[in-house]
Each structure stands twice: as structure tokens, then as C-alpha cells.
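These are the residues of each chain, in order.
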Amino acid sequence: MAHLKTAAMSPYTYRPGNTILHRLPGSIKLLGLLLISVAAFFSLPGILVSAIIVLVGAYSAGIRPWELLRGCRSLLLMAIFVILFRSIRFTPLALNLPGFGEGLLFGLGILLAFSAGALLFSVTTMTELKDSLDVIERKVKRTGPCRLSLGISLMLGFLPRFFEVWEAANLACQARAGKNGIPRIILLIPLVTERMIEMAAETADALESRGVSLS
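Let me begin by describing the structure that accompanies this report. Given the structure is predicted, the values throughout are model-derived calculations rather than measurements.

In this structure, Y12, L30, V54, I63, L68, L129 and L156 are the most contacted members of the largest nonpolar core, which totals 26 residues. Mapped onto this core, the elements with two or more residues apiece are helix 3 (26-39), helix 4 (44-60), helix 6 (97-123), helix 7 (126-141) and helix 8 (147-175). Ranked by the residues each element gives to this core, the list is headed by helix 6, at nine residues. Every residue in contact with L68, bar those within four places of it in the chain, is listed here: V54, A58, I63, F114, S115, A118, L119 and S122. The next biggest cluster of nonpolar side chains, apart from the first, holds nine residues, and it includes F158, W166, A169 and M199.

Moving on: the packing of aromatic side chains. What the rule picks out here adds up to four aromatic pairs. When the ring of Y12 is compared with that of F114, the centres are 5.3 Å apart and the planes differ by 50°; the resulting orientation is tilted. Here Y12, found in the loop between helix 1 (2-7) and helix 2 (20-23), pairs with F114, found in helix 6; they are 102 residues apart in sequence, far enough to count as distant. Accessibility assignment for this pair places Y12 and F114 in one class, buried.

Let's shift gears to helix 5 (residues 73-86). End to end, helix 5 covers 20 Å across 14 residues, agreeing with the expected 20 Å (1.5 Å per residue, within 8%). Those residues of helix 5 that fall on the buried side of the exposure criterion are A79, V82 and I83. Along helix 5, the residues classed as buried sweep out an arc of 100° about the axis, all on the same side. Among the exposed residues of helix 5, those oriented more than 90 degrees off its buried face are R73, F81 and L84. In this fold, the buried residues of helix 5 make contact with helix 6.

About the cut-offs
- Residues numbered from 1 in each chain as written.
- Predicted model: local features only at pLDDT ≥ 70, side-chain atom pairs only at ≥ 80, totals over all residues.
- Heavy atoms only, no water.
- Core = buried A, V, L, I, M, F, W, Y, C linked by side-chain atoms within 4.5 Å.
- Buried < 20%, exposed > 50% of the residue type's maximum accessible area, 1.4 Å probe, protein only.
- Helix = DSSP H or I, 4+ residues; strand = E, 2+ residues; numbered from the N terminus.
- Contact = heavy atoms within 4.5 Å.
- Phe/Tyr/Trp six-rings, centres within 6.5 Å; stacked < 30°, edge-to-face > 60°.
- Expected span 1.5 Å × (residues − 1).
- Arc of directions from axis to C-beta.

Given below as C-alpha cells:
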């Protein structure tokens, strides 16, 4: 259980295991993420069904569901802002109940899609995702290098790395008694952006040294 506690410290981190979800092909898990994310923004029944799937998937993988929401504070603030904004009719000034319902569905959809993504990365390695994308692209293209799958896998791979960098920068700021809330976010954004750009350059150099053309 120690490795699960360690992995839970950072969002979108892979958790080794041998559960049913771990053994499912990466292509099926990617398709599941796509369907859940789309369904979560369509209707209340779509949200409920998607939430049940995510909850069952989390428990089957030995993950506490609330751990999937770790790192979503910024998204939560955005969702709350959207709900409040949609709940007010400005001309004339009044409460907009239909807008509140639409904003609530949107906010729940965002958090549910975030949780589904966290579940995917918890049970799927980047190598597995890239291999699955390679297979899909080969079936579609039949010839030529799998450049699209490489690009998508690199993009997906930067999601957990972003959270790792953000968590490290946040802990460093916290250790120096930095302010919480908006001031800390304003401070962290340029630091994390700079580090992500450096990591992107390092990844590009590593790929080119292995003969992968990026031009």
C-alpha cells in the first residue's frame, strides 16, 4: 500500500497494479475516456452514467474516488465561477435558475472528465498509450511513420509531468511560507511554464538524438 500513498501525492500518476483496468488494452481505455468525457457534457443522465463508470473503475483499481480529484483546485474555481456567472441575469438583474442548472452541469462535466483522465493515467503507462496509438494509426495509414500517435502520446505524457512540476513548485512555495490562493497561482504559473518549456526542449533533443525527425 505504500506505493499507492506515494502515487497519490501527485495527480495523473501511474499506480502499478494487476487489476482488470490495468490489464485492459490501452486503446479500449482511451475510447472509454473519450466516451465518458463526451457523455459528461450532454445531459444529467450522461453525467450520472459516467460518474458511476468512473466510481466503479476507481474501486476496481483499488483507488479511492476522491483521490482522482487531487490537483483540480483551479478547475473547481473555474467551475464555481461559471456557475455563479450563469446564475445571474444582468438585464434586468435577477436570479437565472435555468442558467444555474446549465452552469452546474458544465461544472460537473469538467470535474468528471478530469477524474476520468486521472483514472486513465492511474492504470495506464505512457508506453502502453503510445503502443495503442501506434496500432490505431497503422491501421488507418497502413504506410509511413506513426507521427500522429507520437505527437498525441507526447501531449498526453506532459499531463502527468505538468502536475509533477506544479506540485514540486507548490511545495517549494509552501516551504517558503508563500501566500495561498490567487497570489500563489500567479507566482507559480510563470515558474511552471518555464520548466515545462525546458522539459519540452529536453524531450525534443532526446528524440532527435534517437533519429526521430521533428521537422
